[in-house]
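Residue strings, one per chain:
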Amino acid sequence: MEMMMIAEGAEANVYRCTFMNMPAIAKRRIRKQYRIESLDTYLRTHRTKIEAKIMMALAGKINLPRVLAVSSDTIYMDFIEGKRLSIMTDEKAIGRHVEESGHWLAVMHDNDITHGDFTPANIMANGNSAYVIDFGLSYFTGSIEDKAIDLLLMKRSISKELFSIFIHGYDSAAKDSKPAKKKLAEIELRGRYQLRSLATVKG
Amino acid sequence: MAVIGIESSAHTLGIGVIEGGKVLANEMLMYPITDKGIIPMKVADFHTENVRKAVSSAVKKAGISAQDIEAIGYTKGPGLGPCLGVGNLIAKSLSMKYKVPLLPVNHAVAHLEIAKHINGFRDPLALYVSGGNSQVIGMEEEPFRHYHIYGETFDIGVGNMFDNFARKAKLVPSWGSTVAKAAESGRYIQMPYTVKGMDFTFTGLLTNAVAQLKGHSVNDVAFSMQETAFSMLCEATERALMLTEKREIIVCGGVAQSKRLKEMLLSVCNAHGTKFGFAPNEYNADNGAMIALVAEKMLRSGQHYSMMDCGVNQRYRIDSVKITWK
């Protein structure tokens, strides 16, 4: 299979490829020389397995790439045409997609799944729809704290105005958004977060 | 013209003398740590008893006289309140005695700046790891020039985890380097590995490691805990490196004395063609030279403080500090 690298991540490389003659994406977790082999092998296989399992559990519930095949270190999935929210400039469109992404996060949380890296870089705008991508740090958890941290990551990545739009989307889809929002306020009061600056960084 | 720096944020009392970025003296005295860890009031007493001696010894080593003293810098925070208070008081009295400006320095900025200075780096990504802190930091220009925290510990500093483990495992002396020594001959046991984006937590790992002491050798547990913690820090650092596209990495703070951590970070750097640097151990331990270095930079870039502005702040966050130099 011919593979062309399109993104080099901290953890995995992402390649364009074809799967049964369809345009596809392969996400491969690469060996990290800095960590000992047993820990490295464990992290790569375990994370690949969990990521695929989560993506399959969310299929049909939210917009995300469909899983086509899985190996010990690679997930093959649908290729989603579009732009990451982090590099978009049309404010109106960003607002719309941010609201939809809030909706998708609420569905994930109601299924006891957290994303783990829920930022505009991991929301893909495809036409009028927002797709959630990169479930590399997702896991199954009922913990309110973990859900609140998803909200915190998004809050730190976007403006106040956009975050209130995002929360509107989250509220409208969540069974009960109060506990996570209450926990978010609590985490922010823990001191370490009070003064954390909000510099705009690329990505 | 020389600047004196006074560091007293935790167990180490440090007096440094800097002239034009050159270290003339760097005197250090450390409170003797027992199995009870650090008791802030007792450390403050220790600093009070020793500070006069340490200042005169540093001044003598630097070969400067009263008229050479241009300014006094001291650690404003973060740190332990009573300990910071001692340094603050001495700095104030020296500033009045010699009629020179007083400059409040952020401890984390100082660790980062001295490593940057020694390596001649311009815009590094920094992994700052100590007992109280573990943060991935880099310069950002917006909304003002400051050191932004890309990721940090959600609970305790990685050094605190090592110290705590050492006490529970009855390793003597109870600190990180003893754990590192025990880790030299260990084998890997699986432990909780928690990275969330560029943030991380250590208490779960600590609890697990202490529990694993029943049934495994202390060497295996120390090795696995250290490998897990350092791998987490490397992963967060690597992720920040990809995000910021910075071309240099430094490691600083007490835990930067670890050979294994430096070896792992070098491997991260090699994978991305990134420059890697760190300071000699005497500057990773708490020290006065780094405080003097930053005080001199503050002075040269036109910062000025009245006595009223020179207090202490136990939770003085690095990202709240306006950086006025390049």
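Residues numbered from 1 in each chain as written. Chains lettered and ligands numbered in written order. Predicted model: local features only at pLDDT ≥ 70, side-chain atom pairs only at ≥ 80, totals over all residues. Heavy atoms only, no water.

Here we look at the overall build of chain A
Next, step 1: When you go through chain A residue by residue, the secondary structure sums to five helices and ten strands.
Next, step 2: Overall size of chain A, expressed as C-alpha extent along the three principal axes, is 45 × 40 × 35 Å.
Next, step 3: Put simply, chain A has 203 residues, and 51% of those count as buried.
Next, step 4: Relative to all contacts within chain A whose residues are 6 or more apart in sequence, the contacts with residues 24 or more apart total 60%. (Helix = DSSP H or I, 4+ residues; strand = E, 2+ residues; numbered from the N terminus. Buried < 20%, exposed > 50% of the residue type's maximum accessible area, 1.4 Å probe, protein only. Contact = heavy atoms within 4.5 Å.)

Focus on the sheet that holds strand β8 (residues 123-126) of chain A
Residues and elements named next belong to chain A.
Next, step 1: Pairing within the open sheet is antiparallel, and its three strands lie in the order β6-β8-β9. Unpaired on one side and paired on the other, β6 (83-84) and β9 (129-132) mark the two borders of the sheet.
Next, step 2: Here β6 pairs with β8 via two bridges, running antiparallel. Within β8, the position partnered with R84 by the bridge is M124.
Next, step 3: The sheet strands contacting helix α2 (residues 91-110) are β8 and β9, and the helix crosses β9 at an angle near 45 degrees. (Pairing = 2+ DSSP bridges. Axes fitted to C-alpha atoms, helices over the stretch in contact; angles between N-to-C directions.)

Quick notes on the domain arrangement of chain B
It is common to give the size of an interface as the accessible area that goes away when the parts come together.
All names here are of chain B.
Next, step 1: Domain assignment breaks chain B into domain 1 (2-110 + 283-320) and domain 2 (122-280).
Next, step 2: Distance between the C-alpha centres of domain 1 and domain 2: 26 Å.
Next, step 3: Of the roughly 1,300 Å² buried where domain 1 meets domain 2, counting both sides, 59% is carbon and sulfur surface.
Next, step 4: Here domain 1 is connected to domain 2 by one salt bridge.
Next, step 5: Linking E152 and R317 is a salt bridge whose minimum nitrogen-to-oxygen distance equals 3.1 Å. (Domains from an automatic or database assignment. Buried area = accessible area lost by both parts, 1.4 Å probe. Salt bridge = Lys/Arg side-chain N within 4 Å of Asp/Glu carboxyl O.)

As for the packing of helix α3 (residues 144-157) of chain A against helix α5 (residues 178-188) of chain A
Between two packed helices, the angle of one axis relative to the other and the distance separating the axes together describe the packing.
Residue and element names in this part refer to chain A.
Next, step 1: It is the contact of α3 with α5, at a shortest axis distance of 8 Å, that shows an interaxial angle of 70 degrees. Classed by the angle they form, the pair α3 and α5 counts as roughly perpendicular. Where α3 crosses over α5, the handedness of that crossing is right-handed. In this structure, α3 contributes I144, E145, K147, A148, I149, L151, L152 and K155 to the contact, and α5 contributes P179, A180, K181, K183, L184, I187 and E188.
Next, step 2: For the contact of α3 with α5, the per-class residue count stands at nine nonpolar, no polar and six charged. (Parallel < 35°, antiparallel > 145°, perpendicular 65-115°, else oblique. Left-handed = near helix turned anticlockwise from the far one by under 90°. Nonpolar A, V, L, I, M, F, W, Y, C, P; charged D, E, K, R; others polar.)

Thoughts on the domain arrangement of chain A
All names here are of chain A.
Next, step 1: Once the domains are mapped, chain A shows domain 1 (4-78) and domain 2 (83-188).
Next, step 2: Centre-to-centre separation of domain 1 and domain 2, based on C-alpha positions: 21 Å.
Next, step 3: Opposite the 15 residues of domain 1 that make contact, domain 2 presents 17 residues.
Next, step 4: Looking at the side of domain 1 facing domain 2, the largest losses of area belong to I54, I62 and N63, adding up to 42% of the total buried there.
Next, step 5: Along the contact surface separating domain 1 from domain 2 lie one salt bridge.
Next, step 6: Its salt-bridge partner being K27, residue D134 comes within 2.7 Å of it at the nearest N-O pair.
Next, step 7: The interface formed by domain 1 and domain 2 includes five residue pairs in polar contact (both at pLDDT 80 or more).
Next, step 8: Counting residues per element, the ones that place at least two in the side of domain 1 that touches domain 2 are β3 (22-29) and α1 (37-58). (Polar contact = N/O pair within 3.5 Å; in protein donor to acceptor, adjacent residues only side chain to side chain.)

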